[in-house]
Amino acid sequence: MIKDKVVIITGASSGIGEATAKLLASKGAKVVLGARREDKLKQIVDEIRKGGGQAAYQELDVTKQSDNDDIVKLAKDTFAGVDVMYLNAGLMPNSPLSALKTDDWHQMIDVNIKGVLNGVAAVLPTFIEQKSGHVIATSSVAGLKAYPDGAVYGGTKWFVRDFMEVLRMESAMEGTNIRTTTIYPAAINTELLDTISDKVTAEAMQNVYKQYGISPDRIANVVGFAIDQPADTTINEFTVGPANQPW
Ligand code: NDP
């Protein structure tokens, strides 16, 4: 069931997070949106409310533990609980290692890895206490295969894969039965390429996305499908991409 579930979504100010918030709200979920751009969050929440949906938002930097703790608190205060945490915030400033864009490397580790850790740390006490919950994370096909220019990005997304599976295993062993779903998207048209600072890499990626990119609604659909399953069923993984994209 999606209806009445309280779903926190990080990276909800554009792309996959925005599409997912809108879809889930249209199906009766109570969505709590977080990202750094408050103006965009406000606009999306206004739109959801105008359409009859229930939504709240909070400015959130996933690299700050206190922001993650606050958004969990907001969900509980506003909607009396939290059922799903969708850890989706991320960036992809790809480049060849030889370009030595070390600031970009560290930023990806901070947002794509530490952001996921902070989000889980914020919600886990609640899920353990209620002996239920669902953690969803956006990894990437770059978390399944190696790509030139994507060493660090792929590493962060590979981390998500391992972390989510161990979270699921440990929770099952401990009897808290938290569901986990890891999503591996291929080319999805969002603002993600704007984060690439290396010109040559940016152009190459733009060409790939121009040729193959599909709508973020496709990812929202599978997130909805995973949430909709009965509580005793976890859908661990989805790989989703354009039908005509060979890699
Ligand atoms: P967008 O750039 O459109 O969305 C990224 C979101 O992350 C934005 O809402 C951004 O909001 C947020 N974000 C970035 N940094 C932070 C931060 N420090 N704290 C909180 N929020 C942050 O791209 P996508 O929708 O594509 O990206 C969503 C996820 O999907 C990412 O994890 C990405 O790696 C993954 N992905 C995307 C693919 C694609 O082809 N598009 C393919 C595979 C995976 P703000 O700037 O307002 O903080």
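Definitions and limits used
- Residues numbered from 1 in each chain as written.
- Predicted model: local features only at pLDDT ≥ 70, side-chain atom pairs only at ≥ 80, totals over all residues.
- Heavy atoms only, no water.
- Helix = DSSP H or I, 4+ residues; strand = E, 2+ residues; numbered from the N terminus.
- Rg over C-alpha atoms; globule rule 2.2 N^0.38 Å.
- Buried < 20%, exposed > 50% of the residue type's maximum accessible area, 1.4 Å probe, protein only.
- Contact = heavy atoms within 4.5 Å.
- Salt bridge = Lys/Arg side-chain N within 4 Å of Asp/Glu carboxyl O.
- Phe/Tyr/Trp six-rings, centres within 6.5 Å; stacked < 30°, edge-to-face > 60°.
- pLDDT = per-residue confidence, 0-100.
- Near = heavy atom within 4 Å.
- Areas by Shrake-Rupley, 256 points an atom, 1.4 Å probe, with all protein chains shown as cover.
- 1 Å grid on protein atoms, 1.4 Å probe; cavity = no way out; pocket = protein on both sides within 12 Å on 5 of 7 lines; lining within 4 Å.
- Sits in = over half its atoms within 2 Å of the grid points.
- Nonpolar A, V, L, I, M, F, W, Y, C, P; charged D, E, K, R; others polar.
- Axes fitted to C-alpha atoms, helices over the stretch in contact; angles between N-to-C directions.
- Parallel < 35°, antiparallel > 145°, perpendicular 65-115°, else oblique.
- Left-handed = near helix turned anticlockwise from the far one by under 90°.

The next point concerns the overall build of the chain. Of regular secondary structure, the chain possesses seven helices and seven strands. In sequence order, the secondary structure elements of the chain are arranged as β-α-β-α-β-α-β-α-β-α-β-α-α-β. For 247 residues, the compact-globule estimate of 2.2 N^0.38 gives 18 Å, and the chain sits close to it at 17 Å. Burial status across the chain gives 52% buried among its 247 residues.

A few words now on the environment of I9. With respect to the helices and strands, I9 occurs in strand β1 (residues 6-10). Once the C-alpha coordinates of I9 and Y86 are considered, the two residues, 77 residues apart in sequence, prove to be 4.7 Å apart. Excluding residues within four positions of it along the chain, I9 makes contact with G17, T20, A21, L24, V31, V32, L33, G34 and Y86.

With that settled, consider the pattern of salt bridges. Overall, the coordinates contain ten salt bridges when judged by the stated rule. D4 serves as the salt-bridge partner of K3, at 3.9 Å between the closest nitrogen and oxygen. We classify K3 as partly exposed; its relative accessible area is 49%. Two residues, K22 and E18, come together in a salt bridge whose shortest N-O distance is 2.7 Å. In this pair, K22 and E18 are both assigned in helix α1 (residues 15-26), four residues apart and thus about one turn of the helix distant. The class of E18 is buried, set by a relative accessible area of 18%. When salt bridges with common partners are traced through the structure, they connect E18, K22 and E47 into a single cluster.

In the structure shown here, the tally under the stated rule is two aromatic pairs. Relative to F238, the ring of F225 has its centre 6.3 Å away and its plane inclined at 70°; by these criteria the two rings are edge-to-face. In this pair, F225 sits in helix α7 (residues 217-228) while F238 sits in strand β7 (residues 237-240), placing the two residues 13 residues apart along the sequence. By relative accessible area, F238 is classed as buried at 15%.

Taken over all residues, the pLDDT of the chain has a mean of 97, while the share at 70 or more is 100%. The spread of mean pLDDT over the elements of the chain runs between helix α6 (residues 199-212), the lowest at 96, and β1, the highest at 99.

Right, let's talk about unusual backbone geometry for a bit. One non-glycine residue, A80, adopts positive backbone phi at about 65°. Along the chain, A80 turns up in the loop between α3 (65-79) and β4 (84-87). Even without being a glycine, K131 presents a positive backbone phi close to 55°. Owing to a relative accessible area of 54%, K131 belongs among the exposed residues under this scheme.

Attention shifts here to the site of the ligand. Surrounding the ligand, one finds 30 residues, the nearest of these being S14, R36, Y153, T190 and Y209. In isolation the ligand has 880 Å² of accessible area, and contact with the protein removes 96% of it. A molecule is said to occupy a pocket when more than half its atoms come within 2 Å of that pocket's grid points, and by this definition the ligand occupies the largest pocket. Counting residues per element, the ones that place at least two in the shell around the ligand are α1 and α5 (151-174). Of the residues contributing to the shell around the ligand, the split by class is 15 nonpolar, ten polar and five charged.

As a packed pair, helix α4 (residues 102-130) and α5 sit with axes 8 Å apart at the nearest point and diverge in direction by 15°. Taken as axis vectors, α4 and α5 run roughly parallel relative to one another. Handedness of the crossing formed by α4 with α5: right-handed. Contacts between α4 and α5 involve W105, M108, I109, N112, I113, V116, L117, V120 and L124 on the former and, on the latter, V152, Y153, T156, K157, F159, V160, F163 and L167. Its residues assigned to classes, the contact of α4 with α5 comprises 14 nonpolar, two polar and one charged.

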